[in-house]
Number of protein chains: 2
Amino acid sequence: MGKVATTEALRFMTDCLKAAGARAYPAHQQAELLLEADRLGHPSHGLNRLEYYVNDILGGGCQPNNQPKILKQSPSTAWVDAQNVLGATVSHFAMDIAIEKVKQTGVGWVTVKASNHNGMAGFWAKKAADQGLIGMAFTNTSPLLAPTRSKKSALGTNPLSVVAPGADGETFYLDMATTAVAVGKIEMKRRKGETLPNGWAQGPDGKETQDAELAFNTGCLFPLGGREETSGYKGYGLAAMVELFCGISSGSNYGHHIRSWSHSGEGGSSNIGHCFVAVNFENFAPGFKDRLADCMTHWRNLDPADEKLPVLAPGDKEKEAAQLTDASGTVSYVEQQIKSSSALAERLKVTPMELCR
Amino acid sequence: MGKVATTEALRFMTDCLKAAGARAYPAHQQAELLLEADRLGHPSHGLNRLEYYVNDILGGGCQPNNQPKILKQSPSTAWVDAQNVLGATVSHFAMDIAIEKVKQTGVGWVTVKASNHNGMAGFWAKKAADQGLIGMAFTNTSPLLAPTRSKKSALGTNPLSVVAPGADGETFYLDMATTAVAVGKIEMKRRKGETLPNGWAQGPDGKETQDAELAFNTGCLFPLGGREETSGYKGYGLAAMVELFCGISSGSNYGHHIRSWSHSGEGGSSNIGHCFVAVNFENFAPGFKDRLADCMTHWRNLDPADEKLPVLAPGDKEKEAAQLTDASGTVSYVEQQIKSSSALAERLKVTPMELCR
């Protein structure tokens with residue numbers, strides 16, 4: 001592992017996006033989004049994704065200097081055309097609209113088409129929660145989830161996120177793919193030469209496999225819940241629900257029409273869809289924040305099955321990671337990540353990322 | 001199994017609720033809700049629940065002839081006090097408000113406190129879908145779900161439902177508990193003397209158990225996803241999200257404060273919370289219904305791992321059950337259910353339910 005000052009990581013990612021062709025502001029917003037994932041302990045969505053975004057710009061599929069625009073709106077809703085900008089640009093644009101609408105009606109519901117990967121869903125839900133609201137974010141993604149009983153994938157990992165503020169500085173933070181696990185987890189098992197637990201992934205015959213190599217090459221993840229016997233059809237239903245809110249509502253690409261996952265930047269614009277929701281809990285019963293904090297405290301204090309593994313409240317892992325990052329002022333990257341960043345710096349003629357001594 | 005004409009089942013359930021003290025209209029609405037569950041092939045939420053509602057009325061916890069009232073509202077939101085009426089009464093009341101608000105703003109979001117069990121969540125989401133909207137319904141329930149790592153339960157089975165209309169008569173219908181399985185499934189395995197699949201339930205030590213008897217007595221279901229290794233924390237997060245929308249928002253009882261599940265009708269009012277949401281997809285991209293129907297057709301036509309088990313779209317099982325019910329004009333009940341209905345008829349001095357010859 002190599003340590004990098006958070007300010008330096010932000011500088012490097014911003015410079016790379018600028019070198020690829022983005023203006024300073026969209027480059028900075030996208031880099032902030034990536035850095036936050038590294039800060040919260042979700043490295044798959046951090047610096048790890050930088051090259052993917054750079055390639056999308058260089059390939060012409062992403063046009064980072066366009067302006068998203070509202071196509072249609074009502075007091076509580078808006079339909080947005082992202083115009084192929086970076087995910088962070090349009091997600092700020094769309095969630096700002098949802099937050100503005102909340103002030104007038106109590107709810108804001110915004111769908112987006114013609115967008116690109118917008119990083120960690122929780123970043124967008126938290127944007128609304130930071131304004132004292134319940135925030136939600138959804139996005140569709142490239143097909144990787146096999147509907148229950150199917151040999152092939154037909155939906156993405158389609159994440160959903162809900163974030164809300166509680167009393168005493170608490171934050172309820174849920175950000176989850178609707179597949180059983182992310183592809184990155186299978187990749188890690190494969191690198192280590194370990195077998196997979198049951199319920200993670202299918203082989204090409206549509207049957208559960210414990211072979212990490214086979215699972216990685218097949219690219220068919222089980223929905224949350226695993227096989228049919230353990231209610232995998234619920235995870236399939238949730239992924240479909242996310243698609244209903246994103247591509248089916250916004251008119252972007254959806255489900256089986258979304259291009260395959262690729263780091264190459266080829267294949268044109270990805271035209272994926274998002275959905276952003278904000279709700280003002282002050283419109284309901286007083287005491288929301290107290291009740292939320294009461295639950296979070298109660299859950300943490302539950303008697304654990306294993307003394308060494310305390311019960312967590314949703315968001316505790318992210319909170320701990322953020323505290324570690326903030327205390328040290330640094331983020332850590334695996335060796336391979338640092339190497340590929342150096343190569344990217346050279347390719348883009350950008351000052352390489354400086355490691356802490 | 002015994003067959004009963006749907007009209008006779010509706011008559012019987014209405015009569016029982018009236019005999020317990022409900023006026024004709026609320027009794028009829030609640031009976032319709034129960035019959036629909038039997039019609040869609042979810043008998044756990046049908047006639048099976050009748051005695052529970054009757055006991056709640058007789059015990060005084062449910063006051064079926066009260067009137068729900070709006071406590072606070074904004075253009076897109078309403079906060080409702082159910083005044084302890086039957087679940088169907090307030091759920092019609094609240095979803096009607098959500099549907100009305102959609103017309104003005106594009107979204108309606110209504111939370112309810114001081115309510116009772118409101119049957120199948122899908123019934124309420126479908127009420128909005130029948131008006132050409134995306135409908136959603138959520139409710140909290142008595143604690144039965146063990147948060148990941150915990151020995152004890154602290155959240156309910158907290159179902160969520162999303163229903164939406166597609167082209168060609170399609171209906172996307174998702175109605176799912178956020179636990180891995182419902183208690184009823186464990187009860188069935190126990191009766192048959194079968195072992196449980198992994199990922200369903202915990203024993204009193206907080207570890208996974210395959211012993212149906214032990215699981216039934218412990219009453220700690222795994223969240224959707226099962227153990228931590230297979231991402232059970234996501235199902236826990238989803239159950240917590242439902243609680244955020246229901247009890248935490250509405251100020252009803254919530255999470256660990258909800259009374260235990262009981263059929264006795266003792267223990268006062270249950271004061272549970274619901275949430276109803278309606279969204280007008282016409283406010284976004286044209287073609288919503290076509291895209292939805294395209295997905296549902298695509299999913300059904302996916303190559304199955306097992307030729308005998310075709311891939312289903314969310315709602316296909318319910319649609320098939322409804323067609324069978326409608327074609328025959330009858331619903332079928334297990335022997336035990338028919339016996340307990342006879343006993344209930346005698347207890348309430350109601351004409352017993354007549355079986356088809």
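Note that the coordinates shown come from a computational prediction; the quantities given were computed from them, not determined experimentally. (Residues numbered from 1 in each chain as written. Chains lettered and ligands numbered in written order. Predicted model: local features only at pLDDT ≥ 70, side-chain atom pairs only at ≥ 80, totals over all residues. Heavy atoms only, no water.)

(A) Representation of helix α8 (residues 232-250) of chain A within the structure. Residues and elements named next belong to chain A. Between its first and last C-alpha atoms α8 spans 27 Å; for 19 residues at 1.5 Å apiece the expected length is 27 Å, and the two agree. Considering bend angle alone, the principal kink of α8 is centred on Leu244 and spans about 40°. In terms of residue burial, α8 counts as a mostly covered element, since 18 of its 19 residues are buried. (Helix = DSSP H or I, 4+ residues; strand = E, 2+ residues; numbered from the N terminus. Expected span 1.5 Å × (residues − 1). Bend = angle between axes of the 7 residues up to and from the residue. Buried < 20%, exposed > 50% of the residue type's maximum accessible area, 1.4 Å probe, protein only.)

(B) View of the interface of chain A and chain B. Listed by partner, the interface residues are 89 residues for chain A and 89 residues for chain B. Contact between chain A and chain B buries roughly 7100 Å² in total, counting both sides, with carbon and sulfur atoms accounting for 67%. The interface formed by chain A and chain B contains 41 residue pairs in polar contact (both at pLDDT 80 or more). Counting residues per element, the side of chain A that touches chain B draws most heavily on α8(A), which supplies 14 residues. (Contact = heavy atoms within 4.5 Å. Buried area = accessible area lost by both parts, 1.4 Å probe. Polar contact = N/O pair within 3.5 Å; in protein donor to acceptor, adjacent residues only side chain to side chain.)

(C) Structural view of the packing of α8(A) against helix α9 (residues 288-300) of chain B. Interaxial distance between α8(A) and α9(B) falls to 10 Å at its minimum, and their mutual angle equals 145°. The hand of the α8(A)/α9(B) crossing is right-handed. Together, A:Tyr236, A:Ala240, A:Leu244, A:Gly247, A:Ile248 and A:Ser249 of α8(A) and B:Phe288, B:Arg291, B:Leu292, B:Cys295 and B:Trp299 of α9(B) make up the contact between the two elements. (Axes fitted to C-alpha atoms, helices over the stretch in contact; angles between N-to-C directions. Left-handed = near helix turned anticlockwise from the far one by under 90°.)

(D) The relation of the copies chain A and chain B, seen in detail. Rotating chain A by 180° and translating it 0.0 Å along the rotation axis places it on chain B, where the RMSD comes to 0.0 Å. The relationship between the two copies is best expressed as a two-fold rotation axis. Scanning chain A for the C-alpha nearest the rotation axis identifies A:Gly225, at a separation of 2.0 Å. When you check the interface residues of chain A against chain B, 100% turn up at the interface there too, and the contact is symmetric in its surfaces. (Least-squares fit on C-alpha atoms with pLDDT ≥ 70 in both.)

(E) Representation of the sheet that holds strand β2 (residues 69-73) of chain A. Taking strand neighbours across the sheet as the criterion, the seven strands line up as β2-β3-β4-β10-β5-β6-β7 (chain A) in an open arrangement whose pairing is mixed. What marks the edges here is a single partner per strand, and that holds for β2 and β7 (171-176) of chain A. Geometrically, the sheet is characterised by an average inter-axis angle of 15° between neighbouring strands, direction not taken into account. Pairing geometry for strand β6 (residues 160-165) of chain A and β7(A), over six bridges, is antiparallel. Across the sheet, A:Val162 pairs through a bridge with A:Leu174, a residue of β7(A). Here helix α8 (residues 232-250) of chain B sits on the sheet in contact with β5 (134-139), β6 and β7 of chain A, set at roughly 135° to β7(A). (Pairing = 2+ DSSP bridges.)

(F) Looking closely at the sheet that holds strand β6 (residues 160-165) of chain B. Residue and element names in this part refer to chain B. Ordered by their spatial adjacency, seven strands build an open sheet running β2-β3-β4-β10-β5-β6-β7, and the pairing between neighbours is mixed. Two strands bound the open sheet, and with one partner strand each, they are β2 (69-73) and β7 (171-176). Here the strands of the sheet are splayed against their neighbours by 15° on average, with no regard to which way each runs. The strands that helix α5 (residues 121-129) touches are β5 (134-139), β6, β7 and β10 (272-279); relative to β6, the one it contacts most, it runs at about 30°.

(G) Up close: the nonpolar core. In this structure, A:Trp109, A:Trp299, B:Trp109 and B:Trp299 are the most contacted members of the largest nonpolar core, which totals 82 residues. Those residues in contact with B:Trp299 that lie beyond four places of it in its chain are A:Pro147, A:Ala154, A:Leu155, A:Tyr236, A:Ala240, B:Phe172, B:Val311, B:Ala313 and B:Pro314. (Core = buried A, V, L, I, M, F, W, Y, C linked by side-chain atoms within 4.5 Å.)

(H) Looking closely at the side chain of B:Asp316. All names here are of chain B. Looking at where Asp316 falls in the secondary structure, it is placed in helix α10 (residues 316-328). You can call Asp316 buried: its relative accessible area is 13%. A polar contact is formed between the side chain of Asp316 and the backbone nitrogen of Ala313, at a distance of 2.9 Å.

(I) Summary view of the packing of aromatic side chains. With the rule as written, the count across this model stands at twelve aromatic pairs over all chains. Aromatic pair B:Phe123 and B:Trp124: ring centres 4.7 Å apart, planes at 70°, arrangement edge-to-face. For the pair B:Phe123 and B:Trp124, one class covers both residues: buried. Connected via pairs of aromatic rings, a cluster forms that spans A:Trp109, A:Phe138 and A:Phe245. (Phe/Tyr/Trp six-rings, centres within 6.5 Å; stacked < 30°, edge-to-face > 60°.)

(J) Local environment of the pattern of salt bridges. All names here are of chain A. Applying the stated criterion across every chain yields a total of 38 salt bridges over all chains. Arg227 is paired through a salt bridge with Glu208; the nearest N and O atoms lie 3.1 Å apart. Of the two residues, Arg227 sits in the loop between α7 (212-218) and α8 while Glu208 sits in strand β9 (residues 208-209), which places them 19 residues apart along the sequence. Linked through salt bridges whose partners overlap, the residues forming this network are Glu8, Arg11 and Asp15. (Salt bridge = Lys/Arg side-chain N within 4 Å of Asp/Glu carboxyl O.)

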